[in-house]
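Per-entry structural report
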Amino acid sequence: MSTAISFRNVTKVTTHVIQEMKNKGEKIAMLTAYDYSFARILDLTGIDVILVGDSASNVMAGHASTLPITLNEMIYHGSSVVRAVKRALVVVDLPFGTYQGNSKEALNSAIRIMKEAGADAVKLEGGKEIIESVDRILSAGIPVMGHLGLTPQSIHKFGTYVVRATSEEEAAKLLEDAHLLEKAGCFAIVLEKIPAKLGGIVTKALRIPIIGIGAGKDVDGQVLVLHDMLGITMEFSPRFLRRYHNLSEEIRGAVNTYIHDVKTLDFPNEKEQY
Ligand code: KIV
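Because the structure is a prediction, the values reported are computed rather than measured. (Residues numbered from 1 in each chain as written. Predicted model: local features only at pLDDT ≥ 70, side-chain atom pairs only at ≥ 80, totals over all residues. Heavy atoms only, no water.)

1. Focus on the layout of surface pockets
- Here the largest pocket defines a volume of roughly 800 Å³.
- What lines the largest pocket is a set of 28 residues, and nearest its centre among them are Gly-214, Gly-216, Gln-222, Leu-224 and Phe-240.
- Those elements that provide at least two residues to the lining of the largest pocket are strand E1 (28–32), strand E7 (210–213) and strand E8 (221–224).
- Tallied by class, residues from the lining of the largest pocket come to 18 nonpolar, 5 polar and 5 charged.
- Taken as a whole, the second largest pocket spans an internal volume of roughly 650 Å³.
- Lining the second largest pocket are 30 residues, and of these Ser-55, Asn-58, Val-225, Asp-228 and Phe-236 lie nearest its centre.
- At the level of elements, helix H3 (56–59) and strand E6 (188–192) are the ones that each hand at least two residues to the lining of the second largest pocket.
- For the lining of the second largest pocket, the residue count by class is 13 nonpolar, 9 polar and 8 charged. (1 Å grid on protein atoms, 1.4 Å probe; cavity = no way out; pocket = protein on both sides within 12 Å on 5 of 7 lines; lining within 4 Å. Points joined across faces, edges and corners; volume = space filled by probe spheres on them. Helix = DSSP H or I, 4+ residues; strand = E, 2+ residues; numbered from the N terminus. Nonpolar A, V, L, I, M, F, W, Y, C, P; charged D, E, K, R; others polar.)

2. Concerning the environment of Ala-117
- Tracing the sequence through the fold places Ala-117 in helix H5 (residues 103–117).
- Between the C-alpha atom of Ala-117 and that of Gly-78, which follows or precedes it by 39 residues, the distance is 5.1 Å.
- In this structure, Ala-117 is in contact with Ile-75, Gly-78, Ser-79, Val-82 and Arg-112, ignoring residues within four places of it in sequence. (Contact = heavy atoms within 4.5 Å.)

3. A short note on the site of the ligand
- As a structural note, the neighbourhood of the ligand is formed by Thr-32, Leu-51, Gly-53, Asp-54, Ser-55, Asp-93, Lys-123, His-147, Val-190, Glu-192, Ile-213 and Val-225.
- With respect to the ligand, the side chain of Asp-54 contributes an N or O atom lying 3.0 Å from an oxygen atom.
- A distance of 2.5 Å is found between an oxygen atom of the ligand and a side-chain nitrogen or oxygen belonging to Ser-55.
- Here the residues of the shell around the ligand are counted per class, giving 4 nonpolar, 4 polar and 4 charged. (Near = heavy atom within 4 Å. Polar contact = N/O pair within 3.5 Å; in protein donor to acceptor, adjacent residues only side chain to side chain.)

4. Concerning the sheet that holds E6
- Around the barrel, which closes on itself, the 8 strands sit in the order E1-E2-E3-E4-E5-E6-E7-E8 with parallel pairing between neighbours. Going across the sheet, the axis of each strand differs from the next one's by a mean of 25 degrees, ignoring polarity.
- Direction of pairing for strand E3 (residues 89–93) relative to strand E4 (residues 121–123): parallel, over a ladder of 3 bridges. Among the inter-strand pairings, Val-91 is bridged to a residue of E4, identified as Ala-121.
- Its contacts with the sheet place helix H1 (residues 15–24) against E1, strand E2 (49–52), E3, E6 and E7, and it is angled at close to 130 degrees to E1. (Pairing = 2+ DSSP bridges. Axes fitted to C-alpha atoms, helices over the stretch in contact; angles between N-to-C directions.)

5. Examining the packing of aromatic side chains
- Applying the stated criterion across every chain, the model contains 1 aromatic pair.
- The side chain of Arg-164 reaches across the aromatic face of Phe-158, ending 4.3 Å from its centre. (Phe/Tyr/Trp six-rings, centres within 6.5 Å; stacked < 30°, edge-to-face > 60°. Lys NZ or Arg CZ within 6 Å of the ring centre and 35° of its normal.)

Structure below.
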């Protein structure tokens, strides 16, 4: 197993760079971001891919699912991130209802994301059922990232967020969908919340990079929702989530100190006024 880190000096991560990373055995690190300030911090760390996920619907807008977010809202988040990023590959999610069942609408949505947000690529959820949309977007020269396994935009079809593709039949369909997306020309696929063994099988079977979120370690890279891994959102605790910080507690601590300082006339002091 390679633990190479040889792509840190790349000045701009492209779809070709992440393919090279898979070829050379370097893992791909991806996180979500939805605004300028966080995207700027992430880009300075040398993160490979920034996903402007439709999880913005949950973490930024407080909706219970990813369904309500609109194309205009995704363009707003995408353009904020793009303005901050120099190095990372920026992928923007096509939101629910803007690509399923109508490949012309899918192409128009993807074009708006590329033109108005300035994204490097788009991400779509699903396999065979959306392949016409994927083909049409790719035919315009727009890079597409697939998303299989738990696909949150289909939550009302499945009814739960439990682990996907645990049956042989579902696992076979997922592998078939992954092959279809690769054949169509997708540059990478996200696999969400599936058995680790299946994550490894798909990764070995496909030439393109496979990025997991709850898909085990035998994939080509990992993605997490930034607000979850930083401990800003505390109510969401799936098994696959590693929290790297408890930012919620730190922010509350800082704000409580500020409130105290204001109320006790400690802030502002002599040096903090004109
Ligand atoms: O919207 C999102 O944040 C995503 C990740 C969970 C992969 O699609």
